[in-house]
Amino acid sequence: MTANNNGSLRYSPISGEQLDSFSRTYPQGNFQQSLDMARHVTNTGRIADYMGVWRGEELVGATEIVYTRSRFGLEGSVWLGPLCDPDDADVLKTMTDAIRDSARRHKAIKVTAWPCAVYCRRDSEGNPVGSADDALVENYKALGWRHAGFTRGYGSVINRWVYVKDLAGIADEKALLKSYDKRTQWSVKRASSMGVHVREIGEDELNVFSEIERQTANRRNFAARDEQYFHQFKHAFGDDVHYMLAEIHIAEYVADMQRKREALQAKVANLQTKYDEHPTTRTERQLGEEQRNLAAAEKRLAEAAEFAKGGDVLPAAASMFVDHPQERVYLFSGSIEQYKPFYASALIQHVAMTQCLERGITRYNFYGISGVFDDPDDEGRGVLEFKQGFNGYVEELPGEFTLDVNPFMCAVSRLVHKLLNR
């Protein structure tokens, strides 16, 4: 079905292949608006529909709408879409008509969208860079979309705040490493020197990935995905999803620590001789410092002996990435708490970005942050500081918009949720 609208603009249903092709070339195209994502969600019993906006014979907007059954009827979701210019009021109106038409055909009561357009770009510390796009929000509201507001915190569906690193202009791995802050550079180098290696794992090892993610979820009090979810994601996204595992090779770590211990032993012996021959406060201070370093090395060697009881190669951290022509997205991760001093998570990020350089991907999306920059006690502080170490920037997205298609049932739904205090 095709409807004429706004002169030369019209909308119609499109195929999943047309949606996918548009998403892969559209500047804000993303993996959420893709045939792979549709394949993933339909495997879990949901319904995907695709609508396009045309100017003459040119497709100028497209969207994937996923319908999920709720207590009051089907509800549509447009994750990181629709893909169209939100500052072009006519195109956005035609897209809204298209979404409403799809919802009515599916007898859905409402559709909620999380547009992918940037509302406000900010620097790494959260300070605005340029003006916010208030016209975008007003254009949606003028067409009947209800805005959920400029929230902070992690989104239950789509994050409103994301952290991004621009890889354009970074020539090689050496330049990439140099682009991080000093602490993160040290962490990456330290992990590499401690016998940590990163490799991509296949489906046959997803149990390892799932277990690390589960342990992290329990430690940080968030809901973990089960192993089946990761298998389903792999089946849907194929070669575009990557499960990366960082492992400690104990023999390499022990050899490195033994070399360091021997070097420290020589330093301590030399300083002790120097102090015995001519005691000074400065030599005494240096001797004390190197003795403490030697004691720390001895302690780490003893810890390595304990670690070795778990095997020759120990999984320390894992991350999941999804590739799209426009970007690589860092989606899920986990780490083993006792191996935190190995800085395996930092090395995984470095390896993942190095692969982007090799594959010509210039945008690295660290995904969600809380959007709180001035509270050291915020629950997302650790995540923020980890991502800031790679020296990127922040994109504040406009957030959640809801289009009521069946106003009566939407009102009933809101009333019930209010009564249940949900």
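Since the model is a prediction, treat every value here as computed from it, not as a measurement.

Colleague: What is the right way to read the overall build of the protein from this model?
Modeller: Counting its regular elements, the protein contains 13 helices and 16 strands. Based on the C-alpha atoms only, the size of the protein along its principal axes is roughly 95 × 45 × 45 Å. Counting all 422 residues of the protein, 51% fall into the buried class. Counting only contacts in the protein whose residues sit at least 6 apart along the sequence, the fraction spanning at least 24 positions is 75%. Of the roughly 20,100 Å² of accessible surface on the protein, a fraction of 48% belongs to carbon and sulfur atoms. Looking at charge distribution, the protein has the averaged site of its 52 positive side-chain charges lying 3 Å from that of its 60 negative ones.

Colleague: Where do I start with the nonpolar core in this structure?
Modeller: Note on soluble globular proteins: their nonpolar side chains tend to be buried together. Of all hydrophobic cores here, the largest spans 93 residues; its most connected members are Phe31, Phe209, Phe233, Tyr243, Met320, Leu331 and Tyr364. Non-local contacts of Tyr243, meaning those with residues more than four positions away in its chain, are made with Arg199, Glu200, Ile201, Leu206, Phe209, Phe230, Phe233, Lys234, Ser319 and Met320. In terms of nonpolar packing, the next biggest core, distinct from the first, is built from 29 residues, Tyr11, Cys84, Tyr119 and Val405 among them.

Colleague: In this structure, what is going on with the domain arrangement of the protein? I would like to understand it.
Modeller: How large an interface is tends to be reported as the accessible area lost when its parts come together. Under the domain assignment used here, the protein contains domain 1 (9-152 + 398-420), domain 2 (162-250 + 312-396) and domain 3 (251-303). Look at where the C-alpha atoms of domain 2 and domain 3 centre, and you get two points 34 Å apart. With eight residues of domain 2 at the interface, the matching set in domain 3 holds seven residues. Taken together, both faces of the contact between domain 2 and domain 3 bury some 650 Å²; the carbon and sulfur share is 47%. Taken as a group, Arg190, Met194 and Ile250 account for 57% of the area that domain 2 buries against domain 3, more than any other trio of residues on that side. One can count zero salt bridges joining domain 2 with domain 3. Applying the counting criterion to the domain 2 and domain 3 interface returns seven residue pairs in polar contact (both at pLDDT 80 or more). Its residues assigned to classes, the side of domain 2 that touches domain 3 shows three nonpolar, four polar and one charged.

Colleague: Would you explain unusual backbone geometry in this entry?
Modeller: Trans is the prevailing form of peptide bonds, just as negative phi is the prevailing case for residues other than glycine. Omega for the bond connecting Gly81 with Pro82 falls within 30 degrees of zero, at 5 degrees, which places this linkage in the cis form. You can see Pro82 is positioned in the loop between strand 5 (73-78) and helix 3 (89-105). Residues other than glycine seldom take positive phi values, yet Asn391 does so here, at roughly 60 degrees. Take Asn391: it is sitting in the loop between helix 12 (381-388) and strand 15 (393-396).

Colleague: Even after reading the chapter, I still don't get the environment of Thr68, so can you show me in this structure?
Modeller: Position of Thr68 among the secondary structure elements: in strand 4 (residues 58-70). Residue Thr68 is classed as partly exposed on the basis of its relative accessible area of 30%. Residues Thr68 and Arg261, 193 residues apart in the sequence, show an inter-C-alpha distance of 60 Å. Other than its neighbours up to four places away in sequence, Thr68 contacts Arg46, Gly73, Leu74 and Glu75.

Conventions used here
- Residues numbered from 1 in each chain as written.
- Predicted model: local features only at pLDDT ≥ 70, side-chain atom pairs only at ≥ 80, totals over all residues.
- Heavy atoms only, no water.
- Helix = DSSP H or I, 4+ residues; strand = E, 2+ residues; numbered from the N terminus.
- Buried < 20%, exposed > 50% of the residue type's maximum accessible area, 1.4 Å probe, protein only.
- Contact = heavy atoms within 4.5 Å.
- Areas by Shrake-Rupley, 256 points an atom, 1.4 Å probe, with all protein chains shown as cover.
- Lys, Arg positive; Asp, Glu negative; His and termini not counted.
- Charge placed at Lys NZ, Arg CZ, Asp CG, Glu CD.
- Core = buried A, V, L, I, M, F, W, Y, C linked by side-chain atoms within 4.5 Å.
- Domains from an automatic or database assignment.
- Buried area = accessible area lost by both parts, 1.4 Å probe.
- Salt bridge = Lys/Arg side-chain N within 4 Å of Asp/Glu carboxyl O.
- Polar contact = N/O pair within 3.5 Å; in protein donor to acceptor, adjacent residues only side chain to side chain.
- Nonpolar A, V, L, I, M, F, W, Y, C, P; charged D, E, K, R; others polar.

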